[in-house]
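Residue strings, one per chain:
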Amino acid sequence: MSYVEEVYEGLVAKHPNEPEFLEAAKRVLESIEPAVTAHEEAYRKAALLERLVEPERIITFRVPWTDDNGVNHVNLGYRVQFNSAIGPYKGGLRFRGNVNQSILKFLGFEQIFKNSLTGLPIGGGKGGSDFDPKGRSDAEVMRFCQSFMTELVKYIGPDEDVPAGDIGVGGREIGYLYGQYKRITNRYEGVLTGKGLSYGGSLARTEATGYGLVYITNEVVKGAGKSLEGKTIVISGSGNVAQYAIQKAQQLGAKVVTCSDSNGYVYDPDGIKLDVVFDIKQGHRGRIREYVEKVPTAQYFEGQKPWGVKCDIALPCATQNEINGEDAKKLIANGCWCVCEGANMPSDEDAVNAYEEAREKSGFLYMPAKAANAGGVGVSALEMSQNSERLSWTFEEVDQKLQAMMVGIYEKVSKAAKEYGHEGDFVVGANIAGFEKVADAMMAQGLV
Ligand code: NDP
C-alpha cells in the first residue's frame, strides 16, 4: 500500500462520520501522489501527511442568543485552525443550517492549498455555525453575531487567525462581528476581512471571487486557443460569487443565461440582467423567482438546477456537490467544453470523473475550486496588507493585483501538471502546486 493510501485508510478509520472531509482528503491525497512519491522517505519519517490531514486544532462552542419574540436558542459555533505552516490561519465563516464539523474540515483542508496557490503568506482555516441568517431580522442576526464573537474573540487576531465571509456571512454579518470584536478587545485591527469600506475594508474585495473566477476562466480558455467573447455561460447561485462572476463575464463579452438560488433557477436567453439580480438579492434579500416578474421573457424552473441548459462554459457558484455525475454528463452532451468552479467543491466525484473522461477524449477544460476561486482569499490577504500599512489602495490597484494573481495561479497550476507528466490536468496541477510550498514549510519547521 502506498504512503498516500495508508494515510487515507487511517483517516477513514478515525473519522468515519465525516464524509465531506474524507472526500476532499481522498481527492487531494490521490492527486499529490506523484509529488509525495518523489520525497517519500523524508515525508514518511517526518509524518508529514499524517500531520497535513489533521487540523492543528478545532474549537467548538455554544452560541446562545434570543430571537425577537424573546425565545432563547442555542447554536453550535466552530473554528477549524487547520494549518499555519505558511502564515496565520485564513478562511471564511459559514452560517447555514447544515454546517457541521465535517463540512468545515473539508473547507479548511481545501483552504490550505488554495491559500498557498495565491503566493501570499496565509495558512488554512474555516469556521461557522449551524445558524441560518435567512428569514431572521437584522436585530436577530446582530445578537447572534455578537454572541458568536464573544467566544471566537479568544482564538483570533491579525497575526493569528483572520476569518472572512462565506455562505450566509456577508457585509452585514462581518460588520456586527467586527463591532463586537472591537468592543471586547478595544483594538482596531485587521482581524476580519470583507469589512465595509468605511472601517478598513478593501476596494474590490466584494467583487474579488467572482472577478477572479472569470479572470482565470479567461486564461484557461485562451490556453486552449479560444476566447470568452460571444460564449454562452451557465452560472448557478445568485450570491456574492455568482453576481460578480456574471458582471465580469458580461464585461468580457460572454453571455450569461442562468442564475439560481436554493429554490430554483432562472433562464434568460437574452442574457441575465444583473441590475435585476442586484435589486432582488442586494436590494431586499429576495428570491430569484422574482426575476421573471421583472423580465417576462425569462423562465423560472422551481426546484431545478441549470445544468441541462446548453452552454459553452459552466461556472458553478452556489455550493458543494451541486453537480453530480448525471449533471456533468448532461452538460458535456449539450456541448459544454469548460467548467471552472466558483463554489467550493461544487462537482462531486462522479462529475469530476466525467470531466476527466471528456478531457482525455476531447480536451475538456476543468479548473477546480481551489485555483479558480482563490481570488477571494487573495484579495482578503491584500486587505490584511492594507490594514497593516494603514493605507487604502485604489480599486484599479487591487483589481490589477487580482488579475496578476489569477494569471500567476493559472501558470503555476499548468506548470506543475506538466512537470509531473499530467499536462492539462489542472486538478493534479493545483493540488501539487499548492502542496509543495506547504510541505516545504512543514518540513523546515520540524515536528509541530
Ligand atoms: P452567498 O451566501 O452570497 O450565496 C450563495 C448562493 O448559493 C445563494 O444564491 C444560495 O441560495 C445558493 N445556495 C447555497 N446553498 C445552496 C444549496 N444547498 N443548493 C442550491 N443553492 C444553494 O455565498 P457566496 O456567493 O459567498 O458563496 C458561494 C460559494 O462560493 C460557496 O461554496 C463558498 O464557499 C464559495 N466561495 C465564496 C467566496 C467568497 O469570497 N464569498 C470565496 C471562495 C469560495 P439561497 O439564497 O437560496 O441560500
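The structure this text deals with has already been given above.
## Let's talk about the packing of helix H5 (residues 101-117) against helix H17 (residues 426-444)
Two numbers describe a pair of packed helices, the interaxial angle and the distance between the axes.
Move 1: Two numbers describe how H5 lies on H17: the axes approach to 8 Å, and their chain directions differ by 85°. What the angle tells us is that H5 and H17 run roughly perpendicular. Along the contact surface, H5 presents Ile 112, Phe 113, Ser 116 and Leu 117, while H17 presents Ala 430, Asn 431, Ala 433, Gly 434, Phe 435, Lys 437 and Val 438.
Move 2: Across the contact of H5 with H17, the residue classes break down as 7 nonpolar, 3 polar and 1 charged.

## Some words on the pattern of salt bridges
Move 1: Summed over all chains, the structure comprises 29 salt bridges.
Move 2: One salt bridge in this structure joins Arg 143 and Asp 68, with 2.7 Å as the shortest N-O distance. Of the two residues, Arg 143 is situated in helix H6 (residues 138-152) and Asp 68 in the loop between strand E1 (57-66) and strand E2 (72-83); the sequence distance between them amounts to 75 residues.
Move 3: A relative accessible area of 28% means that Arg 143 is categorised as partly exposed.
Move 4: In this structure, the salt-bridge partner of Lys 222 is Glu 219, at a minimum N-O distance of 3.2 Å. Of this pair, Lys 222 and Glu 219 both sit in helix H8 (residues 205-223), 3 residues apart, which is roughly one turn of the helix.
Move 5: Residue Glu 219 is classed as buried on the basis of its relative accessible area of 14%.
Move 6: Where salt bridges share partners, they join Glu 6, Glu 40 and Arg 44 into one cluster.

## A word on the site of the ligand
Move 1: The environment of the ligand is formed by 24 residues, the closest being Asp 166, Thr 209, Ser 262, Arg 287 and Asn 344.
Move 2: Asp 166 places a polar side-chain atom, nitrogen or oxygen, 2.6 Å from an oxygen atom of the ligand.
Move 3: At 3.3 Å, a backbone N or O of Gly 168 approaches an oxygen atom of the ligand.
Move 4: When the ligand sits alone it has 890 Å² of accessible area, and the protein chains cover 83% of it.
Move 5: Listing elements by their share of the shell around the ligand, those giving two or more residues are H8, helix H9 (240-251) and strand E7 (255-261).
Move 6: Taken together, the residues of the shell around the ligand sort by class into 5 nonpolar, 12 polar and 7 charged.

## Digging into the nonpolar core
Move 1: Membership of the largest hydrophobic core comes to 103 residues, with the highest contact counts inside it found for Leu 49, Phe 109, Met 367 and Phe 435.
Move 2: If you look at the next biggest cluster of nonpolar residues, it comprises 23 residues, including Phe 95, Phe 131, Phe 148 and Leu 192.

## A few points about empty space enclosed by the protein
Left-over empty space is what a probe sized like a water molecule reveals as it rolls over the atoms.
Move 1: Overall, the coordinates contain 1 cavity of 30 Å³ or more when judged by the stated rule.
Move 2: Looking at the largest cavity, its volume works out to about 160 Å³.
Move 3: What lines the largest cavity is a set of 15 residues, among which Arg 27, Glu 110, Tyr 366, Pro 368 and Lys 370 lie closest to the centre.
Move 4: When contributions to the lining of the largest cavity are tallied by element, the ones reaching two or more residues are helix H2 (19-37), helix H14 (369-372) and H17.
Move 5: Residues that form the lining of the largest cavity fall into these classes: 9 nonpolar, 2 polar and 4 charged.

## Thoughts on the side chain of Gln 81
Move 1: Considering the arrangement of structural elements, one finds Gln 81 in strand E2.
Move 2: The exposure class of Gln 81 is buried, given its relative accessible area of 2%.
Move 3: There is a polar contact of 2.7 Å between the side chain of Gln 81 and the side chain of Arg 57.
Move 4: Within the structure, the side chain of Gln 81 is placed 2.8 Å from the side chain of Asp 161, a separation counted as a polar contact.

## Brief notes about the packing of aromatic side chains
Move 1: In the structure shown here, the tally under the stated rule is 22 aromatic pairs.
Move 2: Where Tyr 211 meets Tyr 215, the ring centres are 6.3 Å apart and the plane angle is 75°; that geometry is what we call edge-to-face. In this pair, Tyr 211 and Tyr 215 both sit in helix H8, 4 residues apart, roughly one turn of the helix. For the pair Tyr 211 and Tyr 215, a shared accessibility class is recorded, and that class is buried.
Move 3: Ring geometry for Tyr 355 against Phe 364: centres 5.4 Å apart, planes inclined by 15°, an arrangement best described as stacked.
Move 4: Overall, Tyr 355 belongs to the buried group, its relative accessible area being 1%.
Move 5: One aromatic cluster in this structure is built from Phe 61, Trp 65, Phe 95, Phe 131, Phe 144 and Phe 148.

## Notes on the packing of H2 against H5
Move 1: Contact geometry for H2 and H5: axes closest at 6 Å, N-to-C directions at 25°. With respect to H5, the axis of H2 lies roughly parallel. Counted together, Pro 19, Glu 20, Phe 21, Ala 24, Ala 25 and Val 28 of H2 and Ser 102, Ile 103, Lys 105, Phe 106, Phe 109, Glu 110 and Phe 113 of H5 form the full contact between these two elements.
Move 2: Its residues assigned to classes, the contact of H2 with H5 comprises 9 nonpolar, 1 polar and 3 charged.

Parameters and conventions
- Residues numbered from 1 in each chain as written.
- Predicted model: local features only at pLDDT ≥ 70, side-chain atom pairs only at ≥ 80, totals over all residues.
- Heavy atoms only, no water.
- Axes fitted to C-alpha atoms, helices over the stretch in contact; angles between N-to-C directions.
- Helix = DSSP H or I, 4+ residues; strand = E, 2+ residues; numbered from the N terminus.
- Parallel < 35°, antiparallel > 145°, perpendicular 65-115°, else oblique.
- Contact = heavy atoms within 4.5 Å.
- Nonpolar A, V, L, I, M, F, W, Y, C, P; charged D, E, K, R; others polar.
- Salt bridge = Lys/Arg side-chain N within 4 Å of Asp/Glu carboxyl O.
- Buried < 20%, exposed > 50% of the residue type's maximum accessible area, 1.4 Å probe, protein only.
- Near = heavy atom within 4 Å.
- Polar contact = N/O pair within 3.5 Å; in protein donor to acceptor, adjacent residues only side chain to side chain.
- Areas by Shrake-Rupley, 256 points an atom, 1.4 Å probe, with all protein chains shown as cover.
- Core = buried A, V, L, I, M, F, W, Y, C linked by side-chain atoms within 4.5 Å.
- 1 Å grid on protein atoms, 1.4 Å probe; cavity = no way out; pocket = protein on both sides within 12 Å on 5 of 7 lines; lining within 4 Å.
- Points joined across faces, edges and corners; volume = space filled by probe spheres on them.
- Phe/Tyr/Trp six-rings, centres within 6.5 Å; stacked < 30°, edge-to-face > 60°.

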